[in-house]
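If you want the building blocks of each chain, they are given just below.
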Amino acid sequence: LHVVDISSPMAKDQWKVTKEVLKDIGAGDVPTLTICNKIDQANLVPDPEDSAADEAKAEKEEFRLRFESESTVGISALTGEGVSEMLSKVQSVVSRDLSHVKGLLPYAHAQLVNKIRKQGALREIEYMEDGIRIEADVAKDLEVLLSGHLIR
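Residues numbered from 1 in each chain as written. Predicted model: local features only at pLDDT ≥ 70, side-chain atom pairs only at ≥ 80, totals over all residues. Heavy atoms only, no water.

Draft legend 1. Layout of a nonpolar patch on the surface. Judged by side-chain polarity, Val17, Val21 and Ile25 come together as a nonpolar surface patch covering roughly 280 Å² of accessible area. With respect to the secondary-structure elements, valine 21 resides in helix α1 (residues 11–24). Overall, the relative accessible area of 43% leaves valine 21 in the partly exposed class. (Patch = residues over 30% accessible without salt bridge, like charges linked within 9 Å, V, L, I, M, F, W, Y side chains within 5 Å. Areas by Shrake-Rupley, 256 points an atom, 1.4 Å probe, with all protein chains shown as cover. Salt bridge = Lys/Arg side-chain N within 4 Å of Asp/Glu carboxyl O. Helix = DSSP H or I, 4+ residues; strand = E, 2+ residues; numbered from the N terminus. Buried < 20%, exposed > 50% of the residue type's maximum accessible area, 1.4 Å probe, protein only.)

In structure tokens form, the structure reads like this:
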């Protein structure tokens, strides 16, 4: 998550610097969700009556278009505007790399339930006579580990 104070006159420059640093450290291709905070204070639409330079207007418009992209969400921490959309997008980004698993986990491997709770999303759990019936969304490496123990 990359949080930007969208009301700052330097928001675009700060956003660019962060992107450059991520690229420099080898994380330029890591999926990023940009959270533009303080949308209640930001003027994101260029004013046609504004006498500012055309370049400044173009930069503002470029950043506005970026703000409206799928990998960006605007919020106001003050008013709560956009927070539910942000949470949906965060969940979407996080769950994109998860696998859905469902089956019976023998009690001999019950310690894996804790791992699922810490590293995934446990959707359903039911303690049965012959094991623990689970349904969860987990990372690929945990799916591989579970696949050796889960009876489907």
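Draft legend 2. Spotlight on the packing of helix α4 (residues 111–119) against helix α5 (residues 140–147). Running from N to C, α4 and α5 point in directions that differ by 165 degrees, and their axes come no closer than 11 Å. Judged by the inter-axis angle, α4 sits roughly antiparallel to α5. Between α4 and α5 lies a crossing of left-handed hand. Residues Leu112, Lys115, Ile116 and Gln119 of α4 lie in contact with α5, whose contacting residues are Leu142, Leu145 and Leu146. Residue composition of the contact of α4 with α5, by class: five nonpolar, one polar and one charged. (Axes fitted to C-alpha atoms, helices over the stretch in contact; angles between N-to-C directions. Parallel < 35°, antiparallel > 145°, perpendicular 65-115°, else oblique. Left-handed = near helix turned anticlockwise from the far one by under 90°. Contact = heavy atoms within 4.5 Å. Nonpolar A, V, L, I, M, F, W, Y, C, P; charged D, E, K, R; others polar.)

Draft legend 3. Fine view of the pattern of salt bridges. Tallied over the full model, the rule gives four salt bridges. As a salt-bridge pair, glutamate 85 and lysine 89 come within 3.7 Å of each other at their nearest N and O atoms. In this pair, glutamate 85 and lysine 89 are both assigned in helix α3 (residues 83–95), four residues apart and thus about one turn of the helix distant. Judged by its relative accessible area of 41%, glutamate 85 is partly exposed. With a closest N to O distance of 2.8 Å, arginine 123 and aspartate 137 form a salt bridge. Highlighted residues: arginine 123 in strand β5 (residues 121–127) and aspartate 137 in strand β6 (residues 132–139), separated in sequence by 14 residues. Look at arginine 123 and you get partly exposed, because its relative accessible area is 46%. Look at aspartate 137 and you get buried, because its relative accessible area is 16%.

Draft legend 4. The sheet that holds β6, seen in detail. The antiparallel open sheet is built from three strands, whose spatial order is β4-β6-β5. Strand pairing shows two members of the sheet lacking a second neighbour, β4 (98–105) and β5, which therefore form its edges. Going across the sheet, the axis of each strand differs from the next one's by a mean of 15 degrees, ignoring polarity. Relative to β6, β4 is paired through eight bridges, and the arrangement is antiparallel. Looking at the pairing, leucine 105 lines up with isoleucine 132 of β6. (Pairing = 2+ DSSP bridges.)

Draft legend 5. View of the nonpolar core. Counting twelve residues, the largest nonpolar core is built from Val101, Leu105, Leu112, Val113, Ile116, Ile132, Ile134, Ala136, Val138, Leu142, Leu146 and Leu150. The set of elements that each furnish at least two residues to this core consists of β4, α4, β6 and α5. No other element matches β6, which puts four residues into this core. The contact partners of leucine 146, leaving out residues within four places of it in the chain, are Val101, Leu105, Leu112, Ile116 and Val138. Counting five residues, the second-largest nonpolar core is a separate cluster that includes Leu33, Ile35, Val73 and Ile75. (Core = buried A, V, L, I, M, F, W, Y, C linked by side-chain atoms within 4.5 Å.)

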